[in-house]
Amino acid sequence: MNVILSSRLQKTTVLIAGFVVLAVVMVASILFGINQYSLTTAVEAYTQFSGSEEHLIITTSRMPRTLTAVAVGSSLAVAGVLLQALTRNPLASPSLIGVNAGAAAAIVTTIVVFGSQFPVSQMMWAGFIGAGVTALLVYGLASAGRGGMTPIKLTLSGAAVAAFASSVTSLFMLLQEKTMTEAFYWLVGSVEGRQLDHFFMIIPYLLVGWLGAMLLTGSLNLMVLGDDVATGLGQKIILVKATAILLVVLLAGGSVALAGPIAFVGIIIPHLCRFLVGLDHRWLIPYSIVFGGAFLVCADLLSRLVLMPMRLEVPVGVATAMIGVAFIIPLVRRRAYA
Amino acid sequence: MHRHVVIRTKKPALSFHVDKRALGINFLLFLLLSAVIVLSIGLGSLHIPVWEVIKAFVGAGSEQNELIVLDWRLPRVVVSVMVGASLAVSGAILQSLVRNPLASPDLIGTTAGATAAAVAFITFAKDVSVQWMPLVALIGGLLTATLTYLTAWKGGVSPFRLALVGVCISAGMGALTIFFLIITQTHKASNALGWMTGTVYGTSWVNVMTLLPWTVLFLVATIFQIRYLNAQELGDDIAKGIGVAIDKKRLLLIAISVALAGAAVGVAGGISFIGLMAPHIARRLVGSAYGYLLPASAVLGGMLVVLADLIGRTVFLPHDLPAGIFTAAIGAPFFVYLLYKTRNHQ
């Protein structure tokens, strides 16, 4: 396979450059939008907080939004890498194991059963739990039987359980129209209007996910060679697979709870990174963390800026898909598939 | 007991073998579908006994029953069967071509494109009749699938590239749909949401006639391609080796699959799950030989949509809910059961 960056030096350099890009887009995301601020204002908002409107917007709106975008982008990208290694299916993405559908179903069910008395933070737990339960159910189902978990069984049980969960969601939404507007908040991926406490509530789980993925890289490299080879080389594949799934639940479940289903980051970023550094997960995971975060911040910034004249805010999930299409198709065409 | 029976004739010189079990299951499924159709016509806000339904069919029922059975419920059931069968066969074809278990009409963008076109139509068309919507959706689906195919073309279409490009383009169309939903007015958005879920509500004989030529023509066309579908399953190299012009056949098969799904989506909206799961359910019941797999998929697909619509219009009265909600609600548990039961097969 042709890889753009071949030497270790090149890979390190680009990774550092990636961090710089991430920092730059984060600053841009804090400064630009319907109101523009200068860098000094942004710094002052934290050093000499005056309670002015500008400072309030920066600390309570722009900053949480930017941090959420970084965390969610990185997590989805890593979850994508893990799932693609696990299923050996390049089309696998977090939605495959039902996390999005499960989270949405759990949230809508909570709204219907308990009314809308819960604050957003409680709803996030419902989403997280729904995502986790669905993913574990899918994994359990796929692991049943003699062959253990095979990619095809995981894919199929994921699709079936997800389809069931989303039919529950649609049922509640169509039966109670009031639910629809509230649930829409989660059904369309967005990082807008998230608060810092929401971010801090979920970030520990995401951190565990990133760290775990970094520790798992060696095993992942063997996993993609196939179960037999991995076993032959001394991997406890059941343990590795179970760990990987657990990490995916943390990463994807946390992201969905925080921002709703944001399409495509889990597919585009791993593919892009593979294109840059090849199949070695020791590089692929850190690259995905950095570029996933940067990508989602960029997408959010773009969705804010492009439609600004129309005074419309388009959820970032829409922008990621649009950018994704323009971006990944040339990539797919360039690679030679048999 | 021998599962296969070999049949040979001297004149004309023919020889083929019949899988008794698969044939039997197909036959049972067909009987089951007929029973489901008759039952489903009888049930509703006004209950009609099975005997009366059959009498209405042969023209011996009361005038009221004939009106309900023949003019209201029958077209709805017929459209359900056709939609389900089309989507299931469309999915079965794509799964053979792409050799990816995730393949379904959604994969190459047909459904997403049709949905985007329909929602755009709801958003922008001011004084145009809603009757044009199926046509608009159909065109959207066909255009999107063509776009996918052309984008994936590079001196030939590899199944894998087709799948990747298809997922991308579908996601893009999905994003466009959400965008249209956001800029449109609320009451229109909920209208669009119902359509996106997929419904056969309010179908009449006109809809039946719109869909019928497509379904029949392309289902028959599929029958003639069965041996190529079987060959495709073996992989590109073997298929080429036994003399299949794979790029040509692939284009033809994709065109059939798109036409089937596009027409179904145009009439009934984005009914999910059927194209993906009906072929898998069928595969677990009758095996992978397409001669048995296709009819079983079609019958199962039709049955799922009829049942889903039955639940949608009876269980939650006075609501008449879109069938698309329930296709997965019935199909998924059954599929999970099959998956579990056959867990030790490979």
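Parameters and conventions
- Residues numbered from 1 in each chain as written.
- Chains lettered and ligands numbered in written order.
- Predicted model: local features only at pLDDT ≥ 70, side-chain atom pairs only at ≥ 80, totals over all residues.
- Heavy atoms only, no water.
- UniProt positions renumbered as here; feature names shortened; annotations may be inferred.
- Helix = DSSP H or I, 4+ residues; strand = E, 2+ residues; numbered from the N terminus.
- Rg over C-alpha atoms; globule rule 2.2 N^0.38 Å.
- Buried < 20%, exposed > 50% of the residue type's maximum accessible area, 1.4 Å probe, protein only.
- Contact = heavy atoms within 4.5 Å.
- Areas by Shrake-Rupley, 256 points an atom, 1.4 Å probe, with all protein chains shown as cover.
- Lys, Arg positive; Asp, Glu negative; His and termini not counted.
- Charge placed at Lys NZ, Arg CZ, Asp CG, Glu CD.
- Axes fitted to C-alpha atoms, helices over the stretch in contact; angles between N-to-C directions.
- Parallel < 35°, antiparallel > 145°, perpendicular 65-115°, else oblique.
- Left-handed = near helix turned anticlockwise from the far one by under 90°.
- Nonpolar A, V, L, I, M, F, W, Y, C, P; charged D, E, K, R; others polar.

As recorded in an unreviewed UniProt entry, chain B goes by Iron ABC transporter permease and comes from Brevibacillus antibioticus. Listed under Sequence similarities (unreviewed entry) in UniProt, the entry text for chain B is "Belongs to the binding-protein-dependent transport system permease family. FecCD subfamily." Check the Subcellular location (unreviewed entry) section of the UniProt entry for chain B; it says "Cell membrane".

Going by what an unreviewed UniProt entry lists, chain A is known as Iron ABC transporter permease and is assigned to Brevibacillus antibioticus. Listed under Subcellular location (unreviewed entry) in UniProt, the entry text for chain A is "Cell membrane". Per UniProt, the comment on chain A under Sequence similarities (unreviewed entry) is "Belongs to the binding-protein-dependent transport system permease family. FecCD subfamily."

**Re the overall build of chain B**
Broken down by element type, chain B carries 14 helices and 2 strands. Radius of gyration (C-alpha) of chain B: 21 Å, near the 20 Å computed for a compact globule of 346 residues. For chain B, the spread of C-alpha atoms along the principal axes amounts to about 55 × 50 × 40 Å. Per-residue burial over chain B gives 57% buried out of 346 residues. In chain B, of all internal contacts separated by at least 6 residues, the share reaching a separation of at least 24 is 70%. Surface summary for chain B: the accessible area is close to 15,100 Å², and the carbon and sulfur share equals 69%. Between the mean site of the 24 positive side-chain charges and the mean site of the 13 negative ones, chain B shows a separation of 13 Å.

**Comments concerning the environment of Leu-260 of chain B**
Residue and element names in this part refer to chain B. Here Leu-260 is to be found in helix α11 (residues 246–268). Along the primary structure Leu-260 and Ala-85 are separated by 175 residues, whereas in three dimensions their C-alpha atoms are 8.9 Å apart. With residues near it in sequence (within four places) discarded, Leu-260 still touches Ser-86, Val-89, Ser-90, Trp-214, Thr-215, Phe-218, Leu-219 and Thr-222.

**Some details on the environment of Val-83 of chain B**
With respect to the helices and strands, Val-83 of chain B occurs in helix α3 (residues 63–98). If near-sequence neighbours (up to four positions away) are discounted, Val-83 of chain B is found in contact with Leu-211, Ala-264, Ala-268 and Ile-271 of chain B.

**As for the packing of helix α5 (residues 120–143) of chain A against helix α6 (residues 151–175) of chain A**
Residue and element names in this part refer to chain A. Interhelical geometry of α5 versus α6 gives an angle of 135 degrees and a closest axis separation of 8 Å. Here α5 lies oblique to α6, going by the angle between them. Seen from above, α5 lies across α6 with right-handed handedness. Contacts between α5 and α6 involve Thr-134, Leu-137, Val-138, Tyr-139, Leu-141 and Ala-142 on the former and, on the latter, Lys-153, Leu-154, Ser-157, Gly-158 and Val-161. When the residues that make up the contact of α5 with α6 are grouped by side-chain class, the tally is 7 nonpolar, 3 polar and 1 charged.

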